[in-house]
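Okay, here's what each chain looks like letter by letter:
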Amino acid sequence: MPDALELLKIRRSVKPREMTGPGPSADELDTILTIGARVPDHGKLTPWRFIVFEGDGRLRAGEVIATVFERKNPSAPAADIEIEKRRLMDAPLVIGVVSFTRPHPKVPALEQELSAGASAMNIVNAATALGYGACWLTGWFAFDRDVLDGLGLKADEKLAGFIHIGTPSKPAEDRPRPALSDIVTRF
């Protein structure tokens, strides 16, 4: 396992289309989800939950996405519908991070949503630490209420994102990162 600081310095997203199997084992998935649940959570509200898409579950989710897409785009070519069916098929494992907020006198909704974001990032970092590629994505379907309903989200739930996890098929290329002098000010 790489040193934690070195891992965080070199972490980069791996495109799902550049992933292959194997994905995490059952024990590794438990580790990833445990780490995903170990985030700042003011008020101990647990304002997030996880949906695991693996095996045929990825295809069933793709059917939901494609059905909604086709209904909202009746003149879409068959090739576009097929693309929608395969949205979660590149990586062997996809974890949906579901976010919801509850009224609370001391914990604003934004803080609860940020906790879900921290959870998603912990999942990415845990998968990376285990040697897998990971990528946090959304897409139109992550914000479409009909898709969310079809995936089993409740009316008050949103999707913080889909974390795609798999074995990188090639080394991930880094992208330019901002210079600290461009993003840091001192008060």
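If you look the protein chain up in an unreviewed UniProt entry, it shows as Putative NAD(P)H nitroreductase from Bradyrhizobium valentinum. Regarding the protein chain, the relevant UniProt record gives this comment under Sequence similarities (unreviewed entry): "Belongs to the nitroreductase family."

Caption draft 1: Fine view of the overall build of the protein chain. Check the secondary structure of the protein chain and you find 7 helices and 5 strands. Written out in order from the N terminus, the α and β elements of the protein chain read α-β-α-β-α-α-β-α-β-α-β-α. Taken over the C-alpha atoms alone, the protein chain extends approximately 55 × 45 × 40 Å along its principal axes. Going through the 187 residues of the protein chain one by one, you find that 39% of them count as buried. Taking all contacts inside the protein chain whose residues are at least 6 apart in sequence as the whole, residues at least 24 apart take part in 79%.

Caption draft 2: Representation of the UniProt feature "domain: Nitroreductase" (unreviewed entry) in the protein chain. The feature "domain: Nitroreductase" (unreviewed entry), as annotated in UniProt, sits at residues 11-166 in this numbering. Strand forms 21% of residues 11-166 and helix 40%; the C-alpha atoms that close the span are 15 Å apart.

Caption draft 3: Molecular detail of unusual backbone geometry. Cis geometry is adopted by the peptide bond preceding P22, which originates at G21 and carries an omega value of 5°. Residue position: P22 is located in the loop between β1 (19-20) and α2 (26-36). Within the chain, K44 stands out as a residue other than glycine whose phi angle is a positive 50°. Although it is not a glycine, T46 adopts a positive phi angle of roughly 45°. Its location among the elements puts T46 in the loop between α2 and β2 (48-54).

Caption draft 4: Representation of the packing of aromatic side chains. For the structure on display, the rule yields 5 aromatic pairs. When the centroid spacing of 6.0 Å and the interplanar angle of 55° are considered together, the rings of F53 and F162 count as tilted. Here the residue F53 occupies a position in strand β2, and F162 occupies one in strand β5 (residues 157-168), the gap between them amounting to 109 residues. Like F53, the residue F162 is buried in the burial classification. Between W140 and F141, the aromatic rings sit 5.8 Å apart at their centres with planes inclined by 85°, giving edge-to-face as the arrangement. For W140, a relative accessible area of 31% gives the class partly exposed.

Caption draft 5: Structural context of α2. Turning to α2, its buried residues number three or more, namely L29, I32, L33 and G36. Buried residues of α2 fall within an arc of 95° about the axis and therefore sit on the same side. Exposed and facing more than 90 degrees away from the buried side of α2 are D27 and T34. Looking at the buried side of α2, the elements it contacts are β2, β3 (93-100), α5 (109-129) and β5.

Caption draft 6: Just the UniProt feature "binding site: FMN" (unreviewed entry) in the protein chain, in detail. What UniProt calls "binding site: FMN" (unreviewed entry) maps, in this numbering, to R11, R12, S13, R38, H42, W136, L137 and T138. Taken along the chain, the residues just named run across 128 residues; in space they spread out, the farthest C-alpha pair reaching 28.3 Å. Inspection of the secondary structure puts W136 in strand β4 (residues 133-137). You can call W136 partly exposed: its relative accessible area is 33%. Once residues lying within four places of it in the same chain are set aside, the contact partners of W136 are G117, A120, M121, V124, A160, G161, F162 and I163. Looking at where L137 falls in the secondary structure, it is placed in strand β4. Other than its neighbours up to four places away in sequence, L137 contacts P16, G161, F162 and H164.

What counts and what doesn't
- Counting starts from 1 at the beginning of each chain's written sequence and moves along it residue by residue.
- Only residues with pLDDT of at least 70 are given local features in this predicted model, and only at 80 or more are side-chain atom pairs given and counted; all residues enter the totals for whole chains, interfaces and linings.
- Hydrogens and water molecules were not included; the side-chain quantities draw on all heavy atoms of the structure.
- UniProt positions are given in the numbering used here, feature names are shortened, and annotations may be inferred rather than shown by experiment.
- Each helix is a run of DSSP H or I of at least 4 residues and each strand a run of E of at least 2, with the numbering of both proceeding from the N terminus.
- Burial classes follow relative accessibility: with a 1.4 Å probe on protein chains only, a residue under 20% of its type's maximum area counts as buried, one over 50% as exposed, and anything between as partly exposed.
- Two residues qualify as a contact provided that any one of their heavy atoms is within 4.5 Å of a heavy atom in the partner residue.
- By convention, a stacked pair of Phe, Tyr or Trp rings (six-membered ring in the case of Trp) has centres within 6.5 Å and planes under 30 degrees apart, an edge-to-face pair has planes over 60 apart, and any other such pair is tilted.
- By arc we mean the arc of the directions from the helix axis to the C-beta atoms, nothing more.

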